[in-house]
Amino acid sequence: MKLNNKVVNQFKEALKKEGLRFTSQRLSILEDIVNSSDHRDCDEIHLSVNKRENKVSKATIYRTVDVLLQHDFIRKLDIGDGAVKYESKLDSPHHDHMICIETGDIIEFVDDRIERIQDEIAKKRGYK
């Protein structure tokens with residue numbers, strides 16, 4: 001996905017709100033996450049960004065991922081055992097995940113039945 005000006009401007013604004021400067025390194029982190037269909041942790045993102053870009057520190061990866069998470073650019077997946085993976089929320093329709101506890105493999109799926117059950121439970125408990 002090519003980042004449009006609207007997304008880049010929203011990213012710049014998010015960084016500004018968090019007291020961080022907009023840099024080419026931070027933009028490359030956003031681009032890397034948005035252009036990947038994988039569920040990756042910060043170390044995997046770090047390796048990927050540094051393969052194709054100038055060097056970006058792990059600290060910059062972690063700070064930028066935090067901003068992206070706080071401002072709804074990405075989704076955090078807690079896959080158990082303290083492992084956390086991230087995926088882009090941009091141009092990504094709602095879906096659920098199943099995670100293999102033996103291999104850590106993650107599959108995405110959509111099932112209207114699950115959505116209806118979640119809605120029913122939320123309604124019964126007074127949630128929207």
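What you are looking at is a predicted structure, and each value in this text was computed from that prediction instead of being measured.

A.B. asks: What exactly am I supposed to notice about the packing of helix H1 (residues 5-17) against helix H2 (residues 24-34) here?
C.D. replies: Helix-helix packing is characterised by the crossing angle of the two axes and by the distance between the axes. Between H1 and H2, whose axes approach to 12 Å, the crossing angle comes to 125 degrees. The angle between H1 and H2 places the two elements in the oblique class. At the point where H1 passes H2, the crossing takes the right-handed sense. The residues of H2 that touch H1, namely those facing Val7, Val8, Phe11 and Leu15, are Arg26, Leu27 and Leu30. Looking at the contact of H1 with H2, its residues break down into 6 nonpolar, no polar and 1 charged.

A.B. asks: Could you clarify how one ought to interpret H1 in this entry?
C.D. replies: In this model, H1 (13 residues) spans 18 Å end to end at C-alpha, consistent with the 18 Å of a helix rising 1.5 Å per residue. Here H1 has its buried residues at Val7, Val8, Phe11, Ala14 and Leu15. One face of H1 carries all of its buried residues, which in axial projection span an arc of 120 degrees. Opposite the buried face of H1, at more than 90 degrees from it, the exposed residues are Asn5, Lys6, Lys16 and Lys17. On its buried side, H1 packs onto H2 and helix H4 (58-70). Sitting at the head of H1, Asn4 places a side-chain oxygen 3.1 Å from the backbone nitrogen of Lys6.

Scoring rules and cut-offs
- Residues numbered from 1 in each chain as written.
- Predicted model: local features only at pLDDT ≥ 70, side-chain atom pairs only at ≥ 80, totals over all residues.
- Heavy atoms only, no water.
- Axes fitted to C-alpha atoms, helices over the stretch in contact; angles between N-to-C directions.
- Helix = DSSP H or I, 4+ residues; strand = E, 2+ residues; numbered from the N terminus.
- Parallel < 35°, antiparallel > 145°, perpendicular 65-115°, else oblique.
- Left-handed = near helix turned anticlockwise from the far one by under 90°.
- Contact = heavy atoms within 4.5 Å.
- Nonpolar A, V, L, I, M, F, W, Y, C, P; charged D, E, K, R; others polar.
- Expected span 1.5 Å × (residues − 1).
- Buried < 20%, exposed > 50% of the residue type's maximum accessible area, 1.4 Å probe, protein only.
- Arc of directions from axis to C-beta.
- Polar contact = N/O pair within 3.5 Å; in protein donor to acceptor, adjacent residues only side chain to side chain.

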